[in-house]
Amino acid sequence: MTHLEIQNISKSFGENEVLDQLNFSVHQGEFVSLLGPSGSGKSTLFGIIGGMILPNSGDVILNGESIKGKRGSISYTPQTPSLLPWRTILNNVLLGQELTGKKDREKALQMIDRAGLKSYENSYPHELSGGMKQRVSFIRSVLSPQSLILLDEPFSALDEFTRTDMQKWLLDMWEQTKRSILFVTHNIEEAVFLSDRVIILSPRPASVLKEFQVPFERPRREELLLSDEFLQFKKEIYQEMRHAQV
Amino acid sequence: MMNALWKQGWRPALVLILLFIVWETSVSMFDIPAWLLPSPTQIIEVGITDWPGYSHHVWATIQLIIVGFLIGSGTGIVVAIALHLVPFLRQATYPLIILSQNIPVIVLAPLLVVWFGFGMLPKIIVITLVCFFPIAIALLDGFRQTDRDLMHYMQMAGATRQQLFWKLEWPHALPSLFSGLKISATYSVMGAVISEWLGASRGIGYYMTLASSSYRTDRVFVAIIIIVALSLLFFLLINWLEKMTIRWRSSGEGGSSDAS
Ligand SMILES: Nc1ncnc2c1ncn2[C@@H]1O[C@H](COP(=O)(O)OP(=O)(O)OP(=O)(O)O)[C@@H](O)[C@H]1O
Ligand SMILES: [Mg+2]
């Protein structure tokens with residue numbers, strides 16, 4: 001079943017054409033990555049899905065209904081953790097529910113525990129490392145009542161190993177909660193390791209260049225990252241993107 | 001905490017003590033008359049023995065300061081919120097507010113005496129005016145500096161205007177509000193004393209004018225010491241309130257005492 005459908009979305013800021021006739025969809029429970037070069041308009045697309053930016057044309061359909069220009073229909077993990085510094089971790093995690101749903105402290109504490117942040121629930125964000133803050137930010141999204149989660153390059157500021165740990169953690173969380181995820185990144189390896197499907201965007205103005213169904217079965221393990229099939233698949237995508245650059 | 005105070009404070013304390021010693025010895029050495037410059041020991045002595053005679057003046061002034069400060073900061077907060085939430089109002093009045101900051105409000109005091117007489121009202125108006133501007137401006141700036149990433153997240157997450165204000169903008173502006181409150185706390189002491197100079201039947205400002213017109217310089221000094229102490233006390237009180245309210249800041253960025 002289709003959860004989110006992007007229909008012919010175009011957007012320009014003045015002369016600057018950013019999105020050009022973008023079309024794709026995310027199915028229920030699916031993990032989809034958008035892979036595009038820097039500045040290709042990925043955050044802009046998220047702004048449109050989130051109702052912050054109106055597209056020049058096209059529509060955004062969530063569960064069969066248009067959400068164009070409507071805020072609060074999706075759950076969002078931004079590029080920076082964006083935690084409220086005056087709230088404890090527990091209260092930060094509950095923010096999404098506080099805004100549009102009902103608070104469930106028990107579940108929040110359980111999730112904090114599973115994220116390896118037990119005993120931090122009463123700490124403030126400035127006491128946490130970058131990776132921990134991103135985990136908190138993601139838990140906040142998972143606890144939010146909306147069923148589709150958008151993640152905008154949540155791990156781009158982390159070092160290689162922390163990043164891999166976070167990816168494994170994210171897959172773990174996703175497999176337990178079975179939410180639909182639309183994940184933005186410009187890291188090919190990350191996209192392939194995490195997703196069911198990878199959508200390649202062209203450089204600006206962005207349109208869908210190609211879609212890849214990722215053949216590796218789940219649950220995925222770290223060893224996969226160094227296997228021949230994985231590297232071969234990565235190469236294929238790399239060449240596709242390289243081609244579009246020139 | 002006490003330890004840090006001692007480590008930082010012993011040098012200035014030493015300078016002060018030296019100053020008092022020089023003052024004391026020169027008064028007795030050069031035989032300076034007490035009506036011109038009393039010695040520190042004389043001042044302390046008068047301060048203690050006269051206490052029953054002037055304590056009611058101190059209480060009257062404290063009362064005036066508290067009432068004026070509460071009304072002034074209350075108005076400042078309400079006006080800042082209104083200007084922030086209604087962009088048209090802000091665009092229309094913000095430049096005027098900034099301009100009017102250059103008027104020393106104290107010069108309006110004689111006018112207020114003409115209009116409202118010598119009672120509590122003109123004094124409270126003066127204090128309200130001096131408290132109002134620093135608070136309104138600090139708070140408005142605090143609202144305007146709300147973190148853009150946090151704003152973006154809250155809006156994407158579907159926050160209503162009310163939720164944006166109470167869950168993001170207001171807590172975000174609290175440190176700014178407190179730096180405004182600290183400035184106003186000292187201003188309100190000054191406002192109270194000056195408005196008492198212009199016409200009053202009690203209060204430490206009134207006590208001061210009485211003392212100076214009868215050449216009781218020792219009493220003038222006592223009044224000055226009390227005023228300085230009151231200023232300091234109010235400042236520390238606000239500082240303490242800030243520490244109680246804003247507990248989430250890391251020690252590294254905790255320097256909000258920029259009273260400029
Ligand atoms: N509000 C705006 N007004 C004008 N131009 C904008 C605005 N937002 C984005 N742009 C432009 O749109 C283009 C795409 O920006 P966007 O942030 O969507 O890229 P991105 O793919 O998320 O990049 P990155 O991978 O670096 O995060 C850029 O050229 C940017 O200058
Ligand atoms: Mg971006």
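Residues numbered from 1 in each chain as written. Chains lettered and ligands numbered in written order. Predicted model: local features only at pLDDT ≥ 70, side-chain atom pairs only at ≥ 80, totals over all residues. Heavy atoms only, no water.

Put simply, the rule reads: UniProt positions are given in the numbering used here, feature names are shortened, and annotations may be inferred rather than shown by experiment.
Per an unreviewed UniProt entry, chain B goes by ABC-type nitrate/sulfonate/bicarbonate transport system, permease component and derives from Piscibacillus halophilus. The Sequence similarities (unreviewed entry) field of the UniProt record for chain B holds the comment "Belongs to the binding-protein-dependent transport system permease family." Quoted verbatim from the Subcellular location (unreviewed entry) field of UniProt, the annotation for chain B is "Cell membrane".

The name that an unreviewed UniProt entry assigns to chain A is ABC-type nitrate/sulfonate/bicarbonate transport system, ATPase component, with the source organism given as Piscibacillus halophilus.

Examining a nonpolar patch on the surface
Residues and elements named next belong to chain B. Put simply, the test is: What goes into a patch is any residue over 30% in relative accessible area without a salt bridge, connected to like charges within 9 Å or, for nonpolar side chains (Val, Leu, Ile, Met, Phe, Trp, Tyr), within 5 Å. Methods summary: accessible areas were calculated by the Shrake-Rupley approach with a probe of 1.4 Å, and residue burial reflects only the protein chains presented. Salt bridges are defined by distance alone: a side-chain nitrogen of Lys or Arg within 4 Å of a carboxyl oxygen of Asp or Glu. Numbering of helices and strands runs from the N terminus, with a helix taken as a DSSP run of H or I at least four residues long and a strand as a DSSP run of E at least two residues long. Note on classification: 1.4 Å probe, protein chains only; a residue is buried when its accessible area is under 20% of the maximum for its type, exposed when over 50%, partly exposed between these limits.
A cluster of nonpolar residues, Ile103, Val107, Leu108, Leu111, Val114, Trp115, Phe116 and Leu121, forms a patch on the protein surface that exposes about 790 Å² of accessible area. Tracing the chain through its elements places tryptophan 115 in helix 5 (residues 109-116). With relative accessibility at 57%, the residue tryptophan 115 sits in the exposed group.

A closer look at the nonpolar core
Basically, it comes down to this: Put simply, buried Ala, Val, Leu, Ile, Met, Phe, Trp, Tyr and Cys residues joined by side-chain atoms within 4.5 Å make one nonpolar core.
Core analysis: the largest hydrophobic core is formed by 95 residues, its most contacted members being A:Leu4, A:Ile6, A:Phe24, A:Ile49 and A:Leu182. By size, the runner-up hydrophobic cluster in this structure holds 47 residues, among which are A:Leu35, A:Ile112, A:Met173 and A:Val214.

Details of the UniProt feature "domain: ABC transporter" (unreviewed entry) in chain A
Residues given the UniProt feature "domain: ABC transporter" (unreviewed entry) here are residues 4-228 of chain A. Note that residues 4-228 of chain A is 31% helix and 27% strand, and that its end C-alpha atoms are spaced 33 Å apart.

As for the site of ligand 1
All names here are of chain A. For clarity, the threshold we go by: Being near a molecule or strand, for a residue, means having at least one of its heavy atoms within 4 Å of it. Here a polar contact means two N or O atoms within 3.5 Å. Within protein one must be a hydrogen donor candidate and the other an acceptor candidate, and residues neighboring in sequence count only if both atoms are side-chain atoms.
Of all residues adjacent to ligand 1, which total 14 residues, the nearest are Gly39, Gly41, Lys42, Ser43 and Thr44. Separating an oxygen atom of ligand 1 from a backbone N or O atom of serine 40 is a distance of 3.2 Å. In this structure, an oxygen atom belonging to ligand 1 sits 3.3 Å away from a side-chain N or O atom of glutamine 79. Considering ligand 1 on its own, with 640 Å² of exposed area, one finds that the protein chains cover 60% of that surface.

Here we look at the UniProt feature "domain: ABC transmembrane type-1" (unreviewed entry) in chain B
In the UniProt entry, the feature "domain: ABC transmembrane type-1" (unreviewed entry) is given for residues 58-238 of chain B. Taken end to end, residues 58-238 of chain B is 85% helix and 0% strand, and its two terminal C-alpha atoms sit 20 Å from one another.

Quick notes on the sheet that holds strand 5 (residues 65-66) of chain A
Residue and element names in this part refer to chain A. What counts, and what does not: When DSSP finds two or more bridges between two strands, those strands count as paired. The criterion used for residue contact is that any of the two residues' heavy atoms lie within 4.5 Å. Working convention: axes come from line fits to C-alpha atoms, limited for helices to the stretch in contact. Angles between N-to-C directions cover 0 to 180 degrees.
Judged by pairing direction, the sheet is antiparallel, and its 4 strands sit side by side in the order 2-1-4-5 without closing on themselves. At either end of the open sheet lies a strand with only one pairing partner, and these are strand 2 (16-27) and strand 5. Bridge count for strand 1 (residues 2-13) against strand 4 (residues 57-62) is 5 bridges, and the pairing is antiparallel. Directly across from serine 10, in strand 4, lies its bridge partner serine 57. With respect to the sheet, helix 1 (residues 42-49) is in contact with strand 1, strand 2 and strand 4, its orientation differing from that of strand 1 by roughly 120°.

Remarks on the pattern of salt bridges
Tallying each qualifying case throughout the model produces 17 salt bridges over all chains. Residue B:Arg144 is joined to B:Asp141 by a salt bridge in which the shortest nitrogen-to-oxygen separation is 3.9 Å. Of this pair, B:Arg144 and B:Asp141 both sit in helix 6 (residues 120-144), 3 residues apart, roughly one helical turn. For B:Arg144, a relative accessible area of 53% puts it in the exposed group. B:Asp141 gets classed as partly exposed once you look at its relative accessible area, which sits at 24%. For B:Arg161, the salt bridge is made with B:Glu169, and the minimal N-O distance between the two is 3.1 Å. The class of B:Arg161 is partly exposed, set by a relative accessible area of 41%. A cluster of three or more residues bridged by salt bridges with shared partners is formed by A:Arg87, A:Glu98, A:Lys103 and B:Lys167.

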